[in-house]
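Each chain, letter by letter, is given below.
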Amino acid sequence: MYSSNEDKEQLREILEQQEYQAYEQDSSRFTDRLLDVIADWLMEAFNTFFPNWEVTESNVHGLIYFIGFFGLGLLIFFLVKLSGNLSGEKERRGQGTFASSVSLEWSTDKHWREADELAAHGNLTEAARHVFLGMLLAFDEKGWVDTKAWKTNGDYHRELAGVQQEMGDAFGKLALTFDQITYGNRTMYESEYEQFRQKAFTWLDEEGGYD
């Protein structure tokens with residue numbers, strides 16, 4: 001009985017090995033055929049558009065391998081880039097707009113005075129941050145939002161939509177710029193800063209806000 005079971009096990013292993021080898025051979029033949037088709041197409045294309053060039057089959061196969069490795073490297077690069085962007089986006093969603101309690105404790109006017117001083121010294125990116133934070137505190141004073149250290153711009157966007165629906169899209173654009181300069185190391189230039197500042201004060205100026 002033992003010998004019979006052992007023989008069956010050996011036979012099964014042999015069959016599995018043969019099936020595996022056959023699969024490997026089929027895969028190899030398919031790959032070779034595919035490479036031959038691509039090589040023939042490339043050689044025909046070179047002969048058509050560059051008739052004076054002497055293109056050999058080995059040159060074409062080398063080109064195919066080069067394109068394959070280059071494409072693989074490019075794919076890996078984009079995957080790494082995408083992974084970094086997704087991680088950054090996740091970090092932004094989890095971090096409150098008022099990253100520190102100090103910035104939340106400042107008054108609206110203090111943020112705006114700080115923004116003016118930073119802008120005067122050419123630090124427009126940081127100035128825009130203080131403009132935005134001051135704007136949110138002004139919204140809080142009007143009862144449109146309730147500023148908290150843990151809240152994100154998405155939270156404020158939803159609150160504004162409940163009381164000032166027409167402000168939603170405009171606030172969303174300002175919030176996107178704020179996220180980019182705060183978390184994405186994006187530089188803001190003078191013309192863009194002036195537009196950003198003007199839009200931030202649009203709703204406040206109408207009711208006698210900061211001038």
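No experiment lies behind these values; they were computed from the predicted model shown. (Residues numbered from 1 in each chain as written. Predicted model: local features only at pLDDT ≥ 70, side-chain atom pairs only at ≥ 80, totals over all residues. Heavy atoms only, no water.)

A.B. asks: Residues and numbers for unusual backbone geometry, please.
C.D. replies: A positive phi angle, close to 55 degrees, is found at asparagine 185, a residue other than glycine. Here asparagine 185 lies in the loop between α7 (168-183) and α8 (190-200). A relative accessible area of 70% means that asparagine 185 is categorised as exposed. (Helix = DSSP H or I, 4+ residues; strand = E, 2+ residues; numbered from the N terminus. Buried < 20%, exposed > 50% of the residue type's maximum accessible area, 1.4 Å probe, protein only.)

A.B. asks: Residue-level account of the packing of aromatic side chains, with values.
C.D. replies: On inspection of all chains with the given rule, the structure shows five aromatic pairs. Measuring from ring centre to ring centre gives 4.8 Å for tryptophan 112 and phenylalanine 201, while their planes differ by 85 degrees; the resulting arrangement is edge-to-face. You can see tryptophan 112 sitting in helix α4 (residues 108-120) and its partner phenylalanine 201 sitting in the loop between α8 and α9 (202-205), a full 89 residues away along the chain. Judged by relative accessible area, phenylalanine 201 falls into the buried class, the value being 4%. (Phe/Tyr/Trp six-rings, centres within 6.5 Å; stacked < 30°, edge-to-face > 60°.)

A.B. asks: Run through the side chain of lysine 151, naming residues and quoting values.
C.D. replies: Along the chain, lysine 151 falls in the loop between α5 (124-141) and α6 (153-163). Those residues within four positions of lysine 151 in sequence are excluded, and the remaining contacts are Gly96, Thr97, Asp146, Tyr156 and Glu159. (Contact = heavy atoms within 4.5 Å.)

A.B. asks: Residue-level account of the nonpolar core, with values.
C.D. replies: Judged by nonpolar contacts, the single largest core of 32 residues is most densely connected at Phe132, Met135, Phe139, Phe171 and Tyr193. Looking at this core, the elements that each hand over two or more residues are α4, α5, α6, α7, α8 and α9. (Core = buried A, V, L, I, M, F, W, Y, C linked by side-chain atoms within 4.5 Å.)

A.B. asks: Explain the pattern of salt bridges residue by residue, including any values.
C.D. replies: In this structure the tally under the stated criterion is five salt bridges. A salt bridge links arginine 197 to aspartate 116; its shortest N-O distance comes to 3.8 Å. Here the residue arginine 197 occupies a position in helix α8, and aspartate 116 occupies one in helix α4, the gap between them amounting to 81 residues. Residue class for aspartate 116 comes out partly exposed when judged on its relative accessible area of 33%. Of the charged contacts, one joins arginine 158 and aspartate 155 as a salt bridge, the two residues approaching to 2.7 Å between their closest N and O atoms. Placement of the pair is arginine 158 and aspartate 155 together in helix α6, with a separation of three residues, close to one helical turn. Note on arginine 158: relative accessible area 57%, which makes it exposed. (Salt bridge = Lys/Arg side-chain N within 4 Å of Asp/Glu carboxyl O.)

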